Amino acid sequence: STQDPLLIRFSDAEDAGYWDITDDLKDAGDLTISSGSEIVSAIETRQEILVFTDASLHSMQYIGQPFIFGINSISENITIAGPLAAVAVEDAVFWMGKNEFYLYGGSVQRIPCTVRDYVYSDINKNQFEKVVGGVNSSFGEVWWFYPSSDSTSNNRYVVYNYVQKIWYYGSLERSYWLDRGILPNPIGAGLNGILFFHESGNDDAVDEQTLNPMTAYIESSPIDIGEGDSYMFVSRMLPDVSFRESENENPTLDLTIKMQDYPGEDFGQTKQSAVTRSATVPIEQYTDQINLRLRGRSMVLRAESSDQLKTKWRLGSPRVDLRPDGRK
């Protein structure tokens, strides 16, 4: 017979191979979901099993005899990108839909996403089924790997930090993700069949023999003063950077300040300076200050490193000396 795409079947509790639902002396049975056209995914939490269809979310719970399991509708207007797009974090479930991100913690909520337009304007909608979700519990993060509009395999990621409630994104090829557990580090599966131990070491492992410098950066959003209608003059910056746990004897980090006069235009004046640590003394010794002469309505600060092996850095709170400089 034709398989019902909305049918859930469960075996007897004492015999996993016994499926006869007509036997009243056994626990085997079935349930049919009332909405949607097919079951896409299911994920287990501490108290229930969440079942996703292409258009709805349902909660399946153990209720005992005579029905064994019961199922309730939670939401009728949600989507899910693919079978692996949902992840459970303690009592909450996060998942990526086809237009937005969701959270379930007793009720369904849409997660405000500051990078939503970036993600969904450059995603291959014909490859939604390949989206993979994962948890990096060491840093309170939920990751989703997805294919960009010009790719048929996962080459981008978007991350939601559920502790700080912030978003970030980047490029990385991963087809699966497993959080730490028996092993101390998360494991990601590359598209070339190699497994990568994440959050380990300070370099980029291309394969088992090749290490490249890790390309890392963080860039602020545009910073302005007042209502953004006045120019600012930037005269100096006091960097706040630590190279703790670096294996390189002379690690460096480039700090760049970029100025902009009008929203949407290219950044004009830039000033780039390297922050270094002296290798001749046993304590951290930073560049004390960077002298600048920059002017614009808004400013962006970028910290990056890309050409040094065994380098690890932490950015604190850089101080920038700026003052209003007129409106023209």
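Residues numbered from 1 in each chain as written. Predicted model: local features only at pLDDT ≥ 70, side-chain atom pairs only at ≥ 80, totals over all residues. Heavy atoms only, no water.

Considerations on the confidence of the model for the chain
Then comes step 1: Within the chain, residue pLDDT values average 87, and 92% of them lie at 70 or more.
Then comes step 2: Within the chain, the element-level pLDDT minimum falls on strand S24 (residues 270-276), averaging 60, and the maximum on strand S12 (residues 141-146), averaging 98.
Then comes step 3: Low confidence marks residues 276-285, where pLDDT is under 50. Its contacts with residues over four positions away, or in another chain, come to 18 contacts. (pLDDT = per-residue confidence, 0-100. Helix = DSSP H or I, 4+ residues; strand = E, 2+ residues; numbered from the N terminus. Contact = heavy atoms within 4.5 Å.)

What to know about empty space enclosed by the protein
Then comes step 1: Per the counting criterion, the structure on display carries one cavity of 30 Å³ or more.
Then comes step 2: Estimates place the volume of the largest cavity at around 30 Å³.
Then comes step 3: Along the walls of the largest cavity sit Met-214, Ser-305, Ser-306, Asp-307, Gln-308 and Thr-311, which together make up its complete lining.
Then comes step 4: Within the lining of the largest cavity, the residues separate by chemical class into one nonpolar, four polar and one charged. (1 Å grid on protein atoms, 1.4 Å probe; cavity = no way out; pocket = protein on both sides within 12 Å on 5 of 7 lines; lining within 4 Å. Points joined across faces, edges and corners; volume = space filled by probe spheres on them. Nonpolar A, V, L, I, M, F, W, Y, C, P; charged D, E, K, R; others polar.)

Some words on the sheet that holds strand S25 (residues 290-296)
Then comes step 1: Taken in spatial order, the three strands line up as S25-S21-S28 in an open sheet, and their pairing is antiparallel. What marks the edges here is a single partner per strand, and that holds for S25 and strand S28 (319-324). Pairs of neighbouring strands in the sheet enclose a mean axial angle of 20°, with direction left out of account.
Then comes step 2: Relative to S25, strand S21 (residues 232-238) runs antiparallel, the two sharing five bridges. Residue pairing across strands places Met-232 opposite Gly-296, the latter belonging to S25. (Pairing = 2+ DSSP bridges. Axes fitted to C-alpha atoms, helices over the stretch in contact; angles between N-to-C directions.)

Some points on the environment of Asp-261
Then comes step 1: Relative to the assigned elements, Asp-261 resides in the loop between strand S23 (252-260) and S24.
Then comes step 2: Separated by 118 residues in the primary sequence, Asp-261 and Trp-143 have C-alpha atoms spaced 35 Å apart.
Then comes step 3: When sequence neighbours within four positions are dropped, the list of residues in contact with Asp-261 reads Tyr-231, Arg-295, Gly-296 and Arg-297.

Things to note about the pattern of salt bridges
Then comes step 1: In the structure shown here, the tally under the stated rule is 11 salt bridges.
Then comes step 2: A salt bridge links Glu-100 to Arg-110; the nearest nitrogen and oxygen atoms lie 2.9 Å apart. Remark: Arg-110 occurs in strand S10 (residues 108-110) and Glu-100 occurs in the loop between strand S8 (92-96) and strand S9 (101-104); sequence separation between them is 10 residues.
Then comes step 3: For Arg-110, a relative accessible area of 41% puts it in the partly exposed group.
Then comes step 4: Via salt bridges that share partners, Glu-219, Lys-258, Arg-302 and Glu-304 belong to a single interconnected network. (Salt bridge = Lys/Arg side-chain N within 4 Å of Asp/Glu carboxyl O. Buried < 20%, exposed > 50% of the residue type's maximum accessible area, 1.4 Å probe, protein only.)

Let's talk about the pairing of strand S6 (residues 68-75)
Then comes step 1: One ladder, built from seven bridges, connects strand S5 (residues 57-64) with S6; its direction is antiparallel. Bridging across to S6, Gly-64 finds its partner in Ile-68.
Then comes step 2: Joining the antiparallel neighbours S5 and S6 is a turn of three residues.

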